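Spelled out, the chains give:
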Amino acid sequence: MLHGKKVAAIIPARFASTRFPGKPLVDLGGKPMIQRTYERVKAVKGFDRIIIATDDQRIFDAAQGFNAEVMMTSSEHLTGTDRCAEVLSRLGETVDYVVNIQGDEPYIEPQQLIEITNAMDSNAPILTLVKQITTIDTLFNPNCPKVVLDNNNQALYFSRHAIPYMRGLPQEDWLTHHRYFKHIGLYAYRTDILMSISQLPASDLETSEALEQLRWLQNGFPIQAVETQFETIGIDSPEDLEKIKKLGFL
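Residues numbered from 1 in each chain as written. Predicted model: local features only at pLDDT ≥ 70, side-chain atom pairs only at ≥ 80, totals over all residues. Heavy atoms only, no water.

**Structural notes on the packing of aromatic side chains**
The description of an aromatic ring pair rests on the distance of the ring centres and on the angle between the ring planes.
Next, step 1: Tallied over the entire structure, the rule returns 7 aromatic pairs.
Next, step 2: With a centroid separation of 5.8 Å and an interplanar angle of 20°, the aromatic rings of Tyr187 and Tyr189 are classed as stacked.
Next, step 3: Overall, Tyr187 belongs to the buried group, its relative accessible area being 5%.
Next, step 4: Relative accessible area serves as the criterion here: at 0%, Tyr189 is assigned to the buried category.
Next, step 5: With 5.9 Å between their ring centres and 80° between their planes, Tyr189 and Trp216 make a pair best called edge-to-face. With a gap of 27 residues between them, Tyr189 in strand S10 (residues 181-190) and Trp216 in helix H8 (residues 213-218) connect regions that are remote in the sequence. (Phe/Tyr/Trp six-rings, centres within 6.5 Å; stacked < 30°, edge-to-face > 60°. Buried < 20%, exposed > 50% of the residue type's maximum accessible area, 1.4 Å probe, protein only. Helix = DSSP H or I, 4+ residues; strand = E, 2+ residues; numbered from the N terminus.)

**Thoughts on unusual backbone geometry**
As a rule of thumb, non-glycine residues mostly have phi less than zero, and peptide bonds are mostly trans rather than cis.
Next, step 1: Going from Ile163 to Pro164, the amide bond is cis rather than trans, its omega being 0°.
Next, step 2: At His3, a residue that is not glycine, the phi angle is positive and equals roughly 55°.
Next, step 3: Relative to the helices and strands, His3 resides in the segment before strand S1 (7-13).
Next, step 4: Residue classification places His3 among the partly exposed positions, given a relative accessible area of 39%.
Next, step 5: Of note, the phi angle at Asn153 is positive, near 65°, even though the residue is not glycine.
Next, step 6: For Asn153, the location among the structural elements is in the loop between strand S8 (146-149) and strand S9 (155-159).

**Brief notes about the environment of Tyr97**
Next, step 1: Here Tyr97 shows up in strand S6 (residues 97-100).
Next, step 2: The buried category is assigned to Tyr97, whose relative accessible area is 0%.
Next, step 3: In this structure, the C-alpha to C-alpha distance between Tyr97 and Gln35, residues 62 residues apart in sequence, is 23 Å.
Next, step 4: If near-sequence neighbours (up to four positions away) are discounted, Tyr97 is found in contact with Lys5, Lys6, Val7, Ala8, Met120, Asn123, Ala124, Leu127, Ala188, Tyr189, Arg190 and Thr191.
Next, step 5: A polar atom in the side chain of Tyr97 sits 2.6 Å from the backbone oxygen of Ala124. (Contact = heavy atoms within 4.5 Å. Polar contact = N/O pair within 3.5 Å; in protein donor to acceptor, adjacent residues only side chain to side chain.)

**Here's the deal with the nonpolar core**
Next, step 1: Core analysis: the largest hydrophobic core is formed by 34 residues, its most contacted members being Phe47, Ile52, Val99, Ile101 and Leu127.
Next, step 2: At 4 residues, the largest contribution of residues to this core is made by S1.
Next, step 3: When near neighbours in sequence (up to four residues on either side) are disregarded, Val99 contacts Val7, Ala8, Ala9, Ile10, Phe47, Leu113, Thr117, Met120, Leu186, Tyr187 and Ala188.
Next, step 4: Val98, Phe158, Leu194 and Trp216 belong to the second-largest nonpolar core, a separate cluster that totals 32 residues. (Core = buried A, V, L, I, M, F, W, Y, C linked by side-chain atoms within 4.5 Å.)

Coordinates in, geometry out; function isn't part of it.
Below you can see the structure in the form of structure tokens.
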């Protein structure tokens with residue numbers, strides 16, 4: 001129980017990653033990546049359930065091997081959100097929020113999970129984390145989604161492009177004239193909202209940017225942003241894994 005709410009933490013993990021097949025089972029200092037992620041989530045007290053959701057028997061067996069609760073889900077899901085929705089539909093108990101933690105975030109800070117669960121007091125439909133961008137490389141990296149916020153920290157738009165465009169300024173000066181935020185792909189959904197958004201068809205904005213959260217915005221579902229000071233280190237490719245090794249995280 002967190003802030004008087006029942007909360008399930010779900011970690012979607014699929015084997016067939018396009019850029020890094022088998023990623024959840026890659027060895028990180030003697031433990032598979034999915035176990036590292038699970039242990040980070042488990043460090044936060046108060047989750048009513050922590051469930052790994054997968055479509056692969058190898059990941060299922062590995063999760064059972066380190067005594068995690070694991071559920072086999074459909075191989076037809078295109079997003080982690082859809083996988084979370086299936087788990088929610090099969091839980092057999094009522095929960096108020098579902099927190100979606102990507103299985104390729106083995107270095108997620110437990111404090112980030114605390115920040116997003118603290119924000120559940122607002123009863124917001126969807127919560128997510130953002131962090132201020134401090135380098136030009138990050139600002140113009142299309143693999144790092146950016147988000148524009150309104151005055152109440154609700155998301156106006158997400159893009160792989162740097163937005164807003166700073167007309168009349170050289171790109172190297174943009175960060176000194178505007179606070180840009182990158183999106184950190186950690187979500188908390190109110191459970192009634194999760195079931196609704198999982199039924200939505202793909203939208204044209206989502207398809208153009210390859211960002212599923214645009215489907216929700218385009219259909220009128222507000223997304224409340226919570227600013228964090230903590231960095232995340234996701235592993236999307238074998239090259240990312242090599243960077244992690246060089247930084248001394250393994």
